[in-house]
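Structural description and commentary
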Amino acid sequence: MKYIKYLFIGIFFGIIMTKSEAISWYRIQEMFRFQSFHMYGIIGSALGVGIVLIQLIKRKHIKTYKGDVITIKNKQFSISRYLFGGIVFGLGWALSGACPGPMYTLIGNGFTVFVVIIASAVLGTFVYGLLKRKLPH
Amino acid sequence: MIEFLSQPWPWYISGPLIALVMFLLLWVGGNFGVSSTLRSICSISGAGRYSSFFNFNWKRERWNLVFVLGAIIGGYIASTFLQSEAPLALSKATVEDLSQLNIPFHGDIAPIELFSWKSLMTLKGSFIMVVGGFLVGFGTRWAGGCTSGHAISGLSNLQLPSLIAVIGFFIGGLIMTFLIFPLIF
């Protein structure tokens, strides 16, 4: 039962992703072709509100509902891993038209073939784990 | 109410709600980063035998698997009970560009010609789905996060690494769209 709250937040997320059309392969193409403000508006406004919320958590020391401290881990600095990893991700994002959140959401939208895409993404993560030491980080 | 919710949601509603999801996840003790579930699935499947990268306590991240299960259910609810009758309002320029690549647009959220089980049996369809998924899974772990972890969570926390990652996402996306798409389609 301690997981039920995550289920509800996930349902909320799936509905938002569907109704915002952020799960649309076409919308991702439109974004990479700079032909609509839609996706930039979604990501930009999420970011604007997100920055305010994170600052509120930090400055007002907002705790979890249980009273624990919310710790937001800082990312370790590097250029190569974020740039090269990001480029590989971007290639896949434009091709499949979906990042991981939409991949799951699309299954619920009836695009059940996305289980294959997720399986392939799991395989990609696995191969990364095998090659990790040989890649620049 | 249902009718109101069934319209496509504008970006200025959807974006702030996504930030709210990030906040709610932090408030209940989690964090917003969907691609971590791919690593958990590797670990559950026994990938730890092949790389120590997968020997981590995935049970502590079980909540994230429940979250993505919710995302699947949410996708079902939205597409079944909150379905919009109107076709996707894709920009005319995109429709034209895609038709030149022989990718049709009928108002759906994704081209069914490419993303279906039938398409998986074709060379082009399987390439797009298998390679596309693989690159997302490989790249996201190398970069240490996906759109949720970097573009939303990381940038909201003003992390420079996340900015570099998002720039990378766009370099990769533009290369695919403008250089590789004309070769595939």
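A brief report on the enclosed structure follows. Just so we're clear, the structure is a prediction, and the values are computed from it rather than from any experiment. (Residues numbered from 1 in each chain as written. Chains lettered and ligands numbered in written order. Predicted model: local features only at pLDDT ≥ 70, side-chain atom pairs only at ≥ 80, totals over all residues. Heavy atoms only, no water.)

**Topic: the overall build of chain A**
The condition is simple: Only DSSP runs of H or I covering at least 4 residues are called helices, and only runs of E covering at least 2 are called strands; the numbering of each starts at the N terminus. Accessible area is worked out with a 1.4 Å probe on protein chains only. A residue is then buried under 20% of its type maximum, exposed over 50%, and partly exposed in between. Any two residues having at least one pair of non-hydrogen atoms within 4.5 Å are treated as being in contact.
Along chain A, the regular secondary structure elements total 6 helices and 0 strands. When its helices and strands are written in sequence order, chain A yields α-α-α-α-α-α. Seen along its three principal axes, the alpha-carbon backbone of chain A occupies a region of about 40 × 40 × 35 Å. Counting across all 137 residues of chain A, residues that qualify as buried make up 60%. For chain A, the proportion of contacts with a sequence separation of at least 24, taken over those separated by at least 6, is 41%.

**Here's the deal with the packing of helix α5 (residues 100-108) of chain A against helix α6 (residues 114-131) of chain A**
Residues and elements named next belong to chain A. Inclusion rule: Lines fitted to the C-alpha atoms define the axes, with helices restricted to the stretch that makes contact. Angles between their N-to-C directions range from 0 to 180 degrees. Roughly parallel here means an angle under 35 degrees, roughly antiparallel means over 145, roughly perpendicular means 65 to 115, and every remaining angle is called oblique. By the definition used in this description, the sense in which the near helix is turned from the far one sets the handedness, with an anticlockwise turn below a right angle giving left-handed and a clockwise turn giving right-handed. Gly falls in the polar group here, along with every residue not listed as nonpolar (Ala, Val, Leu, Ile, Met, Phe, Trp, Tyr, Cys, Pro) or charged (Asp, Glu, Lys, Arg).
Here α5 crosses α6 at 155 degrees, and the two axes come no closer than 9 Å. By the criterion of interaxial angle, the relationship of α5 to α6 is roughly antiparallel. Taken as a pair, α5 and α6 cross one another with a handedness that is left-handed. Packed against α5, whose contacting residues are M103, Y104, L106 and I107, the element α6 presents F114, V115, I117, I118 and A121 at the interface. For the contact of α5 with α6, the class distribution of residues is 9 nonpolar, no polar and no charged.

**Here's the deal with the packing of aromatic side chains**
Aromatic rings in a pair are described by how distant their centres are and how their planes are angled relative to each other. Quick reminder of the rule: Within 6.5 Å between ring centres, the rings of Phe, Tyr and Trp (the latter by its six-membered ring) count as paired, and their orientation is classed by plane angle as stacked under 30 degrees, edge-to-face over 60, tilted in between. We call a charge positioned over a ring when the NZ of a Lys or the CZ of an Arg lies within 6 Å of the ring centre and within 35 degrees of the ring normal.
Applying the stated rule across the entire model yields 29 aromatic pairs over all chains. Taking 4.9 Å as the distance between ring centres and 75 degrees as the angle between the ring planes, the aromatic pair formed by F181 of chain B and F185 of chain B counts as edge-to-face. Of the two residues examined, F181 of chain B and F185 of chain B, each falls in the buried class. Aromatic rings pair up to connect F84, F126 and Y128 of chain A together with Y50, F53, F54, F134, F138 and W142 of chain B into one cluster. For the cation-ring pair, R39 of chain B lies above F53 of chain B, with the distance from its terminal atom to the ring centre recorded as 4.1 Å.

**Describing the nonpolar core**
Selection criterion: We call a set of buried residues a nonpolar core when its members are Ala, Val, Leu, Ile, Met, Phe, Trp, Tyr or Cys and they connect through side-chain atoms within 4.5 Å of each other.
Residues W25 and F114 of chain A together with F32, F67 and F115 of chain B are the most contacted members of the largest nonpolar core, which totals 101 residues. Beyond its immediate chain neighbours, meaning those up to four positions away, F115 of chain B contacts W25, L95, S96, F111, V113, F114 and I117 of chain A together with A110, I128 and M129 of chain B.

**Comments concerning a nonpolar patch on the surface**
We apply this condition: Residues enter patches when their relative accessible area tops 30% and they take part in no salt bridge; the joining distance is 9 Å for like charges and 5 Å for the nonpolar side chains Val, Leu, Ile, Met, Phe, Trp and Tyr. Residue exposure ignores everything except the shown protein chains as possible cover, and the areas themselves are Shrake-Rupley values with a 1.4 Å probe. Any Lys or Arg side-chain nitrogen found within 4 Å of a carboxyl oxygen on Asp or Glu counts as a salt bridge.
A contiguous nonpolar patch, built from F77 and I79 of chain A together with L160, L163, I167 and I171 of chain B and spanning about 550 Å² of accessible area, is present on the exposed surface. Considering the arrangement of structural elements, one finds I79 of chain A in the loop between α3 (38-59) and α4 (80-96). Among the residues examined, I79 of chain A registers a relative accessible area of 49% and is labelled partly exposed.

**Some words on the interface of chain B and chain A**
Heads up, the rule is: Here the buried area means the combined drop in accessible surface, using a 1.4 Å probe, for two parts upon being joined, counting both sides. Polar contact criterion, stated in full: a pair of N or O atoms within 3.5 Å, where within protein one must be able to donate a hydrogen and the other to accept it, and residues adjacent in sequence count only if both atoms are side-chain atoms.
In this complex, chain B contributes 129 residues to the contact, which on the side of chain A involves 111 residues. Summing the contributions of chain B and of chain A, the shared interface buries around 10,400 Å²; its carbon and sulfur component is 78%. On the chain B side of the contact with chain A, W11, I109 and W142 of chain B bury the most area, a combined 8% of that side's loss. Linking chain B with chain A are 1 salt bridge, by the criterion used here. For the salt bridge of R33 of chain A with D97 of chain B, the shortest nitrogen-to-oxygen distance reads 3.4 Å. Connecting chain B to chain A are 34 residue pairs in polar contact (both at pLDDT 80 or more). The dominant element in the side of chain B that touches chain A, judged by the number of residues it contributes, is helix α9 (residues 160-184) of chain B, at 19 residues. Classifying every residue of the side of chain B that touches chain A by side-chain character gives 86 nonpolar, 37 polar and 6 charged.

**Looking at the side chain of N109 of chain A**
Along the chain, the position of N109 of chain A falls in the loop between α5 and α6. Exposure remark for N109 of chain A: the relative accessible area of 16% places this residue in the buried category. In terms of polar contacts, N109 of chain A uses its side chain to reach the side chain of T18 of chain A, at 3.1 Å. Among all residues touching N109 of chain A, those that are not within four sequence positions of it are T18 and I23 of chain A together with G75, Y76, S79 and I109 of chain B.

**A few points about unusual backbone geometry**
Residue and element names in this part refer to chain A. Positive phi is not limited to glycine here, since E21 has a value of about 70 degrees. Unlike most non-glycine residues, H61 shows phi in positive territory, near 50 degrees. Of note, H61 is situated in the loop between α3 and α4.

**Some points on the pattern of salt bridges**
Summed over the entire model, instances satisfying the criterion amount to 3 salt bridges over all chains. It is possible to trace a salt-bridge network through shared partners that takes in E21, R27 and E30 of chain A.

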